[in-house]
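Per-entry structural report
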Amino acid sequence: MFTPPHHMLFDSADDLFSSGGGSSAPEVRGSVVSVVLENANDLTYDYLVPEGVEVALGCRVMVPLRNRKLRGTVVEIRAGGVAMLTEKVRRALKPVVRVIDPRPSLPEDLLRLAEWMAGYYLSSMATVMQTMLPANVRDETSKVKTRQVTVLKKPWSASSEEGIVLKERAPKQAAILLQLSRAESGRMAIAELSDAVGGEVRSAARSLEAKGWVEIIDEQVERDPFANAEIVGSTNLKLTGEQQAAVSEIAKSIDEGVSQPLLLLGVTGSGKTEVYLQAIEHALNQGKGAIVLVPEIALTPQTVERFKSRFSGEAGGVAVLHSHLSAGERFDEWSRIRDGRARIVVGARSAVFAPVRDLGVIVVDEEHENTYKQESPPRYQARDVAVMRANLSGCAVVLGSATPSLESWENVRRGKYRVLRMTTRIDDQMMPLIRVVDMKIEARKRKDVTILSEPLRCAIEARMAKGEQVILFLNRRGFSPSLQCLACGKACECKHCSISLTFHKTSDRLVCHMCGYEQMAPSRCPECREPGLKFNGFGTQRVEEVIRKVFPKINVERIDADAMKRKHGLVDALRRFKTGKTQIVIGTQMIAKGLHFPNVTLVGILNADLGLHIPDFRAGERVFQLLTQVAGRAGRGDVSGEVIVQTFSPHSPSIQFARQHDFDGYSDQELEFRKAFSYPPYARMVGVLCRSQNERLAEFTLTSFVNELKKKLPTTVIVGEVIPAAIVRVKGQFRFHVFLRAPNPHHILRPLAEVQKHFSVPDEVYLGIDVDCYQVT
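Everything numeric in this text was worked out from a predicted model, so none of it was measured. (Residues numbered from 1 in each chain as written. Predicted model: local features only at pLDDT ≥ 70, side-chain atom pairs only at ≥ 80, totals over all residues. Heavy atoms only, no water.)

Tallying each qualifying case throughout the model produces 0 disulfides. With no disulfide partner, Cys485 has as its closest neighbouring cysteine sulfur the one in Cys528, 3.6 Å distant. Cys485 gets classed as buried once you look at its relative accessible area, which sits at 2%. (Disulfide = S-S within 2.5 Å. Buried < 20%, exposed > 50% of the residue type's maximum accessible area, 1.4 Å probe, protein only.)

The structure is reproduced here in structure tokens:
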């Protein structure tokens, strides 16, 4: 049985692979329960469950605390119940006010996962549980949507004597009965009846109900976010030898309940998704469920429709969880999962907490993506949480990528993970040819920095002449990243952040991409009032403008967060591209992953240097991964693909190894550097960050905290300096951080937890801890 939280520091997800899991606790009456409360301290509180009230482990309750009533989650049901208590204790305990939902919102494996997360990520159980549940489930703000349905209770004939009389006296009532008699199930929604009969029918239906002809009932309506999508059933595709070997290994792990992670390393276009689909089908055939995690940016309609079409015959179908769902849609999807009506979940980071029954497999697609790391408390890494949940549930876990994170790859080298390799594309398609264009040479030729090099322009022209399609990638939205005065050199900066404002030409506004602050673009310099303002650099809007001028007869579309604000904007844009109405797409990371368009034969990467020259030891790894992923969009059909990479750093290892599609070569070289300087994966890194509107107070608080921490840290821990963040001021808050590294995370976490517990932080200062941090700038 699950034990209440006590902040034990668990091993990291990498170090646990023995299968676990437990059976759900039986419902009991008249007992004592331990409850973790929301918005309270990190203690558990005991309460009496009144006789006749049923509770279960993981269910939500409302309980009293002093003069307040708070929601909480039952984390323990005490054996022996009330009978084991002394009279004094029994009188001191307060009763549960009400049971919000007798069904467990958090099954036992999620309760155990929450305990591990609270210990490892140095967070409270309450914070972790809040993260696990949708906001409207926590707050009871979402209600079941219903509609009124009219049901025919006995046979009706319009030609009968009774029918003829009714038609003369009450023609609308007769029309209602006629429509219901023709309906296949003898039932129609009130709204449908109104459309069929013409006009309002509610009053007439009530009269018929009084006469005993019909019954009006409230029927639950599920809000389906993909109700308008055209889902056509699909069947299993024929597998290649490498795919079949991978499916067999995953199926074996599902059958045996082996939770040792399987790293599916397959080149782009090798058919990893088909492997996932057939492995999930195997799990379903064993009566088990599945969770598929996809990076939010890659969770495109195309990805979702592929899963929904394959399992269209599955009762309950596929549930989808991501941030773009409405509150009602998310509530209905979560309810279908919790009730066992949906056994397959596809979603972004938080879908790892979906309450799927009898989990058989968890898939983490594009496992290297840094968006799996949450940057707000409890700052978990969804990939590692998936590995731990698989361990606790005794199910298989598959991590898929063409460019695995070096942390996962090192776990393969150490024997902690098993690797399944797929080295060739489907139907023996060739990997795209990657050409690198040195933009320094282009700049010398044209006497200026250019957006479109001559080789790329010629390649686009050639592809357009053949009726093929092109993707142009630039991971920077807006028109220009800064607006600078030619007289005094001052750039327009955000009022709240130490960063320049990005010019968006479509709205003629300057926008901060950190805090969202906006202002009208000035015609003169705000400092010296001179009129000469220069656009520095370029974003997707400027690229779109250039491409439309160079290729005026070609249909061009921009796909980024600004252009896709409308709810179904992305769906419509991708449909136009798929059907060939759009020939050139310009986009950010939204087009880098999860897309399969066979007619795309050319991909242009306009500025490969973005993200390469920043003070982050993972910068090169991210650029290598991104270039490889974007390049993988080309040549997925019958025509071979080509990729042109524009860069000012053509000899960078990240670019050269990506050009050769050489993951092994890149990982060997990069891991050698990491090992020499004790960076992950050869050390665990923990960041401590401090922010405040008072710059000196933020720095002083963090320095004092680190000084206390150093007294308790072993010599194996490397402690960095307290330094300002790369962007020191964000949303009016000054930010400072320090990073700690050690071969064993517990050498940091145990002393850190102790100091955190006793250290007094000023009210106007925030101090946070980021275990296995990704943001180091």
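Every buried residue of helix α7 (residues 190-197) is accounted for by Ile190, Leu193 and Ser194. Burial along α7 is one-sided: seen end-on, the buried residues are contained in an arc of 105°. More than 90 degrees from the buried face of α7, the exposed residues found are Ala191 and Asp195. Turning to α7, the residues buried within the fold contact β8 (146-152), α6 (171-182), β9 (187-189) and α8 (202-211). Positioned one or two residues after α7, Gly198 has a phi angle of 95°, which is positive. (Helix = DSSP H or I, 4+ residues; strand = E, 2+ residues; numbered from the N terminus. Arc of directions from axis to C-beta. Contact = heavy atoms within 4.5 Å.)

The next subject is the pattern of salt bridges. Going through the model one piece at a time under the given rule, you end up with 48 salt bridges. Residue Glu367 pairs with Arg383 through a salt bridge whose shortest N-O separation is 3.5 Å. Note that Glu367 is positioned in the loop between β15 (359-365) and α13 (382-393) and Arg383 in helix α13, a separation of 16 residues in sequence. Classification of Glu367 as buried rests on a relative accessible area of 0%. For Arg383, a relative accessible area of 4% corresponds to the buried category. Between Arg622 and Asp616 there is a salt bridge, with the nearest N and O atoms lying 2.6 Å from each other. Given the relative accessible area of 22%, Arg622 is considered partly exposed. Residue classification places Asp616 among the buried residues on the basis of a relative accessible area of 10%. (Salt bridge = Lys/Arg side-chain N within 4 Å of Asp/Glu carboxyl O.)

Nonpolar side chains tend toward joint burial in soluble globular proteins. Ranked by size, the top nonpolar core spans 117 residues in total, and within it Leu113 and Met117 carry the most contacts. A per-element tally of this core places helix α2 (residues 108-120) first, with 8 residues. Residue contacts for Met117: discarding those within four places in its chain leaves Leu122, Val128, Met132, Phe353, Pro378, Tyr380 and Val385. One finds Val247, Leu277, Val320 and Ala396 within the second-largest nonpolar core, a separate group that totals 31 residues. (Core = buried A, V, L, I, M, F, W, Y, C linked by side-chain atoms within 4.5 Å.)

The next thing to look at is the environment of Leu293. Position of Leu293 among the secondary structure elements: in strand β12 (residues 289-293). Along the sequence, Leu293 and Glu366 sit 73 residues apart, while their C-alpha atoms lie 8.7 Å from each other. Filtering out sequence-adjacent residues up to four positions away, Leu293 remains in contact with Gly347, Ala348, Arg349, Ala351, Val352, Val363, Val364, Asp365, Tyr372, Ala382 and Ala386.

Another aspect to go through is the pairing of strand β32 (residues 733-742). Along β32, 9 of the 10 residues are buried, which leaves the element largely enclosed by surrounding structure. Where strand β29 (residues 684-692) lies against β32, 9 bridges are found, and the strand directions are antiparallel. Each bridged residue has a counterpart across the sheet, and for Met685 the counterpart in β32 is Arg741. Sheet topology places strand β30 (residues 718-719) next to β32; 2 bridges connect them, and they run antiparallel. By the bridge assignment for β32, Ile718 is matched with Arg741. Bridge count between strand β31 (residues 723-730) and β32: 4 bridges; the pairing is antiparallel. If you follow Pro724 over to β32, its bridge partner there is Phe736. Once β31 ends, the chain turns through 2 residues before running back antiparallel as β32, passing Lys731 with a positive phi of about 55°. (Pairing = 2+ DSSP bridges.)

All right, on to the sheet that holds strand β3 (residues 44-48) then. Strand order in the open sheet formed by 5 strands is β3-β2-β6-β5-β7, and the pairing between neighbours is antiparallel. Looking at the sheet topology across the chains shown, the edges are occupied by β3 and β7 (98-101). Each strand of the sheet is rotated relative to its neighbour by a mean of 45°, with strand direction disregarded. Judged from the 5 bridges that link them, strand β2 (residues 32-37) and strand β6 (residues 68-77) form a sheet pairing that is antiparallel. Residue pairing in the sheet places Val35 in a bridge with Val74 of β6. (Axes fitted to C-alpha atoms, helices over the stretch in contact; angles between N-to-C directions.)

Further remarks concern the confidence of the model for the protein chain. A low pLDDT means the predicted coordinates there should not be read in detail. Per-residue confidence for the protein chain gives a mean pLDDT of 88; residues scoring 70 or more make up 93%. Predicted confidence is poor over residues 3-10, with pLDDT under 50, and the contacts of this stretch with residues over four places away or in other chains come to 25 contacts. In this model, residues 16-29 is a region of pLDDT below 50 whose contacts with residues beyond four sequence positions or in other chains number 42 contacts. (pLDDT = per-residue confidence, 0-100.)

With that out of the way, let us pick up the packing of α6 against α7. In the contact formed by α6 and α7, the axes pass within 10 Å of each other and the chain directions differ by 110°. By the angle between their directions, the pair α6 and α7 is classed as roughly perpendicular. For the crossing formed where α6 meets α7, the hand is right-handed. Between α6, through Lys172, Ala175, Ile176, Gln179 and Leu180, and α7, the contact on the second element is made entirely by Leu193, Ala196 and Val197. (Parallel < 35°, antiparallel > 145°, perpendicular 65-115°, else oblique. Left-handed = near helix turned anticlockwise from the far one by under 90°.)

What follows deals with the side chain of Glu557. Following the sequence through the fold, Glu557 ends up in strand β25 (residues 556-559). Separated by 2.5 Å, the side chains of Glu557 and Arg576 make a polar contact. With residues near it in sequence (within four places) discarded, Glu557 still touches Met564, Ala573, Arg576, Thr582, Ile584, Val585 and Ile586. (Polar contact = N/O pair within 3.5 Å; in protein donor to acceptor, adjacent residues only side chain to side chain.)

Our next topic: the sheet that holds strand β16 (residues 396-401). Strand order in this open sheet of 7 strands is β13-β14-β12-β15-β16-β11-β17, and the pairing throughout is parallel. The two strands at the open ends of the sheet, each matched to only one other strand, are β13 (318-321) and β17 (418-422). Strand after strand, the sheet turns through a mean of 20° between neighbouring axes, direction not considered. Here 5 bridges tie β12 to β15, and the two strands are oriented parallel to one another. Residue Ile291 lies in a different strand from β15, and its bridge partner there is Ile362.

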